[in-house]
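The chain contents come next:
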Amino acid sequence: MSTIASRRSFLRHAAAGFSTFAVSRFAQAQAATEPPPRPLQVEHAVAAPVSVEVNARSIPNFEPRDRTRTRFGSLDYRSGLVLTSPYRGFGGLSGLRFLDGKGERFLAISDQGGWFTGSIRYSGRDMVGLADVEAAPLLGAEGRPITEKHLWWDSESIARDGSLVYVGLERVNQILRYDFAKGGTRARGEMIAVPAALRKLPSNKGLEAMVVVPKGKDQNLPLAGTLIAFSERGLDADGNLVAFLIGGPTPGQFSVRRTEKYDISDAVLLPSGELLILERKFSWFTGVNIRIRAIPLKAIAPGALVDGPALFAADLGHEIDNMEGIDAHATAEGETVLTLISDDNFSMLQRTLLLQFTLAE
């Protein structure tokens, strides 16, 4: 039996009594109120970014049980990588944003208070590895790592608006804004004002996903200039997922219909004006499940309850793990490519995966 098959079997049978350790780190991430922090290791607060060796192994088939299959819902599988590194701070990747329009240069965050930058290398349309990877700590307004503050390390969400990068901290439900024009990953973060209701979200089910509705040519969009922030499992009175419109012309609160016990883990706004929400759920009987839903941006407004169809769903019969990040880019041929990344919770039984799919018309 292969290592991968053994691992999946182990996860599926955890509830039957084989061992709770197989998914203990994932379960802790879902249920614990304050797991011990594991901040990125740096010598001092303003240390220059350090180079990180990252190894990559190809994932040729998204569904090993059927190697001929490439279509999954509305997505076509392109390629995938299993990423490993001898660098002890590598892992916990909770958000990903591309810095170019080609799906190459990226900015990622670790949920232990760290930045990772680098480039995806391709052979044709397939990812083959990462290059020029660097790590650096997230800095606060004082120029010190945010991990020095109590609970200021669970950096779970990231949004980008030009040179401005927003990072959401789940434990304290605060948002830091970084101006990358002022030093890149050495920029200092400043806290922005957030709604009082956002501050009251559950500490381990709080701020989990963010997107910025761009200005410029999209000035006519009702939400242009708005930062949209989603909770993982902050619920309204009807049991739906709470989200917030911060800044922009119509700030306020709205809800995303919650179905099948899925929680939000990230989101991405496509140029078409469609918002894609990455969701996941965990069960001791079925393990990890993920899906992607499409929400029309025009449906979002203060007080609204929004919903949309599922474009894609996968479980442990597929090459997934704790998928926490999603972004999109367009190819020269006009295809929309979605990139997903997983948070391995720094567990030897989980993996850091980088997956790419084409959004079918």
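Residues numbered from 1 in each chain as written. Predicted model: local features only at pLDDT ≥ 70, side-chain atom pairs only at ≥ 80, totals over all residues. Heavy atoms only, no water.

## Considerations on the overall build of the protein
The test is simple: The helix and strand labels rest on DSSP assignments: H or I over at least four residues marks a helix, E over at least two residues marks a strand, and numbering proceeds from the N terminus. Buried residues are those whose accessible area, probed at 1.4 Å on protein chains only, stays under 20% of the maximum for their type, while exposed residues exceed 50% and partly exposed ones sit between those limits. Note on definitions: a residue-residue contact is assigned when non-hydrogen atoms from the two residues lie within 4.5 Å.
Broken down by element type, the protein carries three helices and 24 strands. Sorting the 361 residues of the protein into buried and exposed places 55% on the buried side. Considering only residue pairs separated by 6 or more positions, the protein has 57% of its internal contacts joining residues 24 or more positions apart.

## A closer look at the pattern of salt bridges
Rule in force here: Every case where a carboxyl oxygen of Asp or Glu lies within 4 Å of a side-chain nitrogen of Lys or Arg is listed as a salt bridge.
Summed over all chains, the structure comprises 23 salt bridges. Linking Glu232 and Arg280 is a salt bridge whose minimum nitrogen-to-oxygen distance equals 2.8 Å. Of this pair, Glu232 sits in strand E14 (residues 227-235) while Arg280 is found in strand E18 (residues 274-283), placing the two residues 48 residues apart along the sequence. Each member of the pair Glu232 and Arg280 is classed as buried.

## What about the nonpolar core?
Definition in use: Grouping buried Ala, Val, Leu, Ile, Met, Phe, Trp, Tyr and Cys residues that are joined through side-chain atoms within 4.5 Å yields what is termed a nonpolar core.
Within the largest apolar cluster, 27 residues are counted, with the highest numbers of intra-cluster contacts made by Phe62, Ile292, Phe312 and Leu340. Every element with two or more residues in this core is listed here: strand E4 (75-84), E18, strand E19 (287-296), strand E21 (310-314), strand E22 (323-330), strand E23 (336-342) and strand E24 (352-359). By size, the runner-up hydrophobic cluster in this structure holds 20 residues, among which are Ile228, Leu241, Leu245 and Leu275.

## Some details on unusual backbone geometry
Phi angles above zero are rare outside glycine, and Asp132 is one such case at about 55°. Its place among the elements puts Asp132 in strand E8 (residues 126-137). Residue classification places Asp132 among the exposed positions, given a relative accessible area of 64%.

All we've got here are geometric facts, nothing functional implied.
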